[in-house]
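A look at the structure
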Protein chains: 2
Amino acid sequence: MSGALEALFAHDAQTSALGQIMGRLHWDQETVMPPGSAAQRAEEIGALEAVLHARRQDPRLGDWLSEADPESETDAARLDLIARDYQRARALPADLAVALARAASTGQGIWAKARADEDVAAFLPALSEMIALKREAADAWCAAAGTQDRYDALVEDYEPGLTGAEIAALFDRMRPRLVALRDAVLGKAAAKAPLQGQFAQADQLRFAALLAERFGYDLGRGRIDLAVHPFSSGSGADVRITTRVDESDPFNCFYSTIHEVGHASYEQNVAAALGLTRLGQGVSMGVHESQSRIYENQLGRSEAFCTWMHGAMSETFGAFQPEDAAQFYATVNAVRAGYIRTEADELHYNLHVMLRFDLERDLIQGGLDVADLNDAWNARFAADFGVAVDRPSHGLLQDVHWSCGLFGYFPTYTLGNVYAGCLHEALRRDLPALDEDLARGDTGAATAWLGERVQRHGASKAPRQVIEEATGAPVSEAPLLDYLEAKFGALYSL
Amino acid sequence: MSGALEALFAHDAQTSALGQIMGRLHWDQETVMPPGSAAQRAEEIGALEAVLHARRQDPRLGDWLSEADPESETDAARLDLIARDYQRARALPADLAVALARAASTGQGIWAKARADEDVAAFLPALSEMIALKREAADAWCAAAGTQDRYDALVEDYEPGLTGAEIAALFDRMRPRLVALRDAVLGKAAAKAPLQGQFAQADQLRFAALLAERFGYDLGRGRIDLAVHPFSSGSGADVRITTRVDESDPFNCFYSTIHEVGHASYEQNVAAALGLTRLGQGVSMGVHESQSRIYENQLGRSEAFCTWMHGAMSETFGAFQPEDAAQFYATVNAVRAGYIRTEADELHYNLHVMLRFDLERDLIQGGLDVADLNDAWNARFAADFGVAVDRPSHGLLQDVHWSCGLFGYFPTYTLGNVYAGCLHEALRRDLPALDEDLARGDTGAATAWLGERVQRHGASKAPRQVIEEATGAPVSEAPLLDYLEAKFGALYSL
């Protein structure tokens, strides 16, 4: 290996390892950290972030990159991503990077308080400042890349290579069929039987661990803990998930567990040879979400798996309602227009995302002023969901993303659903006995297919390339919409 | 503040924060890390260690140090320690630092296997290599400091300013009274009543938390977890301890908890203004051990506290033997000649340390060859303890220290006992009602005294200075020996 390539890869390996440490600190903070340690932890994270920041724009990277000769396709992919990270880091002025980090940290605190107080006005100044900083960052990235579109420059952090215009076109194609389906379902909506029974915390956690194992999560290289918000953290040999428990609603715990297992499996199943390199992680938020959503929805909320789960839950929790497996499946998949994105069914979820995408793109591009955002949100929500927002925490203040600068992130949720639709179609084609497996609670063939086709590649292929090579077809919204129409058409006798 | 001073202190603050992160990683590894994550964790720790290593000898430190003007006594103390660390780091050749780190890591693995296999010969080559490397490091430090003694150069890492000759003289003064007392006790030794009862793990952990709170451990800035070996980890606002549970021997859990609470309180109670600086931690291993030992022994194993603890244990565990509080106190303080240092009573403990000190000093100075070490250990143990070592894990292979290069560490255990003796004498003088407090399970006045006199200073004063200013008297072994003679004289009716 050439000296430059060797030096570059050693630097990358160390940066990757330090990035893993950052993940451990965040996991610790959300799960086991003593309550009085928050201020000190912020200093610790700040110190590590400063080290990472300096490494990302270490001028030696430029020298090595100009001299390094890749010896394989994987090397070339690794060099490409290192070069891309380096260019983006170098393009951002140091004082702007500091200001962004500080605004994200304070903004999240201000948002949390504003949400608790139901006080939109208290949040808007911080949001204005954040948007101004993100625009400045976008301008710097555009200038460095010779591009024009601020929003595109921000999306690059979450779904490299995708543009706002492409997302808009995708969402425009999806919306009519999605809305028609949702309207048809709500037009028929007989109330689904509610879940009723005793779902004690300890039993829920035991069952969540069972579900995690059923979906292939390797607890020898991971663990499940309680946290306020479910998340997955880490890559390679140490990938941990969290869940939460509501004793009156065990689906909250179970489906968030399956969802996080999708994310965690992606990180656990990246080829070991890519471990602690720039390629040793999920390639984009969209592809990540495709894994969590296909685990959660196309597999976990399928009729076959619900049949198994109904029986398995009876063993853990004793008798509960609904007693009938078919009704249980309907309960799991009940469609309701609700305020909250993270609690939405498979139909409304994408409408939540589209609302946020349109608003945030307008905010960044200057077509919408922050002062008008709350009205715009409420008007759009009423139009899309047929319900008036009753309080800010059910509207503009519900999501953390914008408070910490995550503009361009929301659309990757629906993109993940679209990717999941494509993967699910191919999976069904390749595994004709899938429903027989799922009805036994066996996801082995399906998760092995995803591991082989998607997860093992890590970031060594571009996002869309991963999906298209996995399915053998171009990415399209059609499989997702076909699946939703078939599933909910049958469930609601359309 | 001058530019150089500001830059130096900012660098120090960041280094201190990164040092804390290293502590979190080790805590995580010993408590919650998934079993399959060990190899990756080693890489993560290696990457952070490389960052810390580079920072410790960052050439800018030399420039800043030569320009920085301290603005206070605290600044001056901070500069002194930063300069000392920098000089030691710069004196060590880079390849030697790497070789030492590698030898420590592999040596510990070889030691663990050799101990499990009871195979001294399997450990000796690694030990030889480690000793050669430590000698080389000692020579480098001696050359840089213009000193001669290799062992002194190593002690500097654990008890700055103390020499092997001073330790030897101290131990020579202690030994006759200690041995005479031990012999007198063993000559009288009526067997103490054994502890008998039901001590379930969950109850032990609940009681350990009660003890920790009674000794002033702030669980809002700490936590207690299970681990194979009890330890304390972290400084400032995040200081965690671990314990272990043996259901037939609850004292193992309880006294290791009190011991670790002593260490943890020291770290928690350093003045907040010193937090995340080079001064924001315990000043030496000896002073650290003085806190853990005075909490554990002079307070926790006192007759007054044992009286309270006997009653409190009855509330938690129901009836147990001994039923009589005075007998319980005798049981807690039973004297027995045993193989294992960490299980030794207050008398034998120091004999264990003296044995190791003499052997390791000879090893480093060249008077003892590794090939002869096991025979030397066994001969010395038989002479000092009147018992033949029955297996290597009860002898040379019992402690991890030498395998990872901790030469010069052992004597700080007895030094800590000596410091604890001095502090205890002053504490009794200043708090005449101490026994009344302890008999109510109230350590508040005692721990506040230690917090104020010792702990809050962190590393802002030299080790001996801390103790001498706290007590108003020169450090001496006499108070410890007086205390031991009075306590065990009464217990064994000498």
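Summarised in this report is the structure supplied together with it. A quick note: this is a predicted structure, and the numbers were derived from the prediction, not measured.

A word on the relation of the copies chain A and chain B
Expressed as a screw operation, the relation of chain A to chain B combines 0.0 Å of axial shift with a rotation of 180°, fitting to an RMSD of 0.0 Å. Interpreted geometrically, this transformation is the action of a two-fold axis.

Examining the side chain of Ser233(A)
All names here are of chain A. Secondary-structure assignment places Ser-233 in strand 2 (residues 232-233). Overall, Ser-233 belongs to the buried group, its relative accessible area being 9%. Of the polar contacts made by the side chain of Ser-233, one reaches the backbone oxygen of Gly-23; its length is 3.2 Å.

Regarding the sheet that holds strand 2 of chain A
Residues and elements named next belong to chain A. One open sheet holds the three strands; their spatial order is 1-3-2, and the pairing between them is mixed. Each having just a single partner strand, strand 1 (224-226) and strand 2 make up the two edges of the open sheet. With two bridges connecting them, strand 2 and strand 3 (residues 240-243) associate as antiparallel partners. Bridging across to strand 3, Ser-232 finds its partner in Ile-241. Contacts from helix 10 (residues 250-269) reach strand 2 and strand 3 within the one sheet, and its direction differs from that of strand 3 by about 165°.

As for the nonpolar core
Judged by nonpolar contacts, the single largest core of 129 residues is most densely connected at Met309(A) and Met313(A). Leu347(B), Tyr409(B), Val454(B) and Ala459(B) belong to the second largest nonpolar core, which has 128 residues in total.

Looking at the packing of aromatic side chains
This model, assessed by the stated rule, comprises 44 aromatic pairs over all chains. Between Phe199(B) and Phe320(B), the ring centres sit 6.0 Å apart and the planes meet at 65°, which makes this aromatic pair edge-to-face. Of this pair, Phe199(B) sits in the loop between helix 8 (164-188) and helix 9 (201-214) while Phe320(B) is found in the loop between helix 12 (303-317) and helix 13 (325-332), placing the two residues 121 residues apart along the sequence. Side by side, Phe199(B) and Phe320(B) carry an identical accessibility label, which is buried. Members of the aromatic cluster, each reached through a chain of ring pairs, are Tyr158(A), Tyr349(A), Trp377(A), Trp402(A), Phe407(A), Tyr409(A), Phe410(A) and Tyr413(A). Note that Arg78(A) overlies the ring of Phe9(A), its terminal NZ or CZ placed 3.8 Å from the centroid. In this arrangement the basic side chain of Lys192(B) is found over the ring face of Tyr492(B), its NZ or CZ atom lying 4.1 Å from the centre.

Quick notes on the environment of Leu127(B)
All names here are of chain B. With respect to the element layout, Leu-127 can be found in helix 6 (residues 120-145). On a C-alpha basis, the gap between Leu-127 and Val-353 in space is 19 Å, while along the polypeptide they are 226 residues apart. If near-sequence neighbours (up to four positions away) are discounted, Leu-127 is found in contact with Val-370, Leu-373, Trp-402 and Phe-407.

Topic: the interface of chain A and chain B
Taken residue by residue, the interface counts 35 residues in chain A and 35 residues in chain B. Contact between chain A and chain B buries roughly 2600 Å² in total, counting both sides, with carbon and sulfur atoms accounting for 62%. Seen at the junction of chain A and chain B, the total is six salt bridges. The residue Glu44(B) makes a salt bridge to Arg24(A) at a minimum N-O spacing of 2.8 Å. For the interface between chain A and chain B, the tally reads 16 residue pairs in polar contact (both at pLDDT 80 or more). Secondary-structure elements contributing two or more residues to the side of chain A that touches chain B are helix 1 (3-31) and helix 2 (38-56) of chain A. Classifying every residue of the side of chain A that touches chain B by side-chain character gives 16 nonpolar, nine polar and ten charged.

Conventions and cut-offs
Residues numbered from 1 in each chain as written. Chains lettered and ligands numbered in written order. Predicted model: local features only at pLDDT ≥ 70, side-chain atom pairs only at ≥ 80, totals over all residues. Heavy atoms only, no water. Least-squares fit on C-alpha atoms with pLDDT ≥ 70 in both. Helix = DSSP H or I, 4+ residues; strand = E, 2+ residues; numbered from the N terminus. Buried < 20%, exposed > 50% of the residue type's maximum accessible area, 1.4 Å probe, protein only. Polar contact = N/O pair within 3.5 Å; in protein donor to acceptor, adjacent residues only side chain to side chain. Pairing = 2+ DSSP bridges. Contact = heavy atoms within 4.5 Å. Axes fitted to C-alpha atoms, helices over the stretch in contact; angles between N-to-C directions. Core = buried A, V, L, I, M, F, W, Y, C linked by side-chain atoms within 4.5 Å. Phe/Tyr/Trp six-rings, centres within 6.5 Å; stacked < 30°, edge-to-face > 60°. Lys NZ or Arg CZ within 6 Å of the ring centre and 35° of its normal. Buried area = accessible area lost by both parts, 1.4 Å probe. Salt bridge = Lys/Arg side-chain N within 4 Å of Asp/Glu carboxyl O. Nonpolar A, V, L, I, M, F, W, Y, C, P; charged D, E, K, R; others polar.

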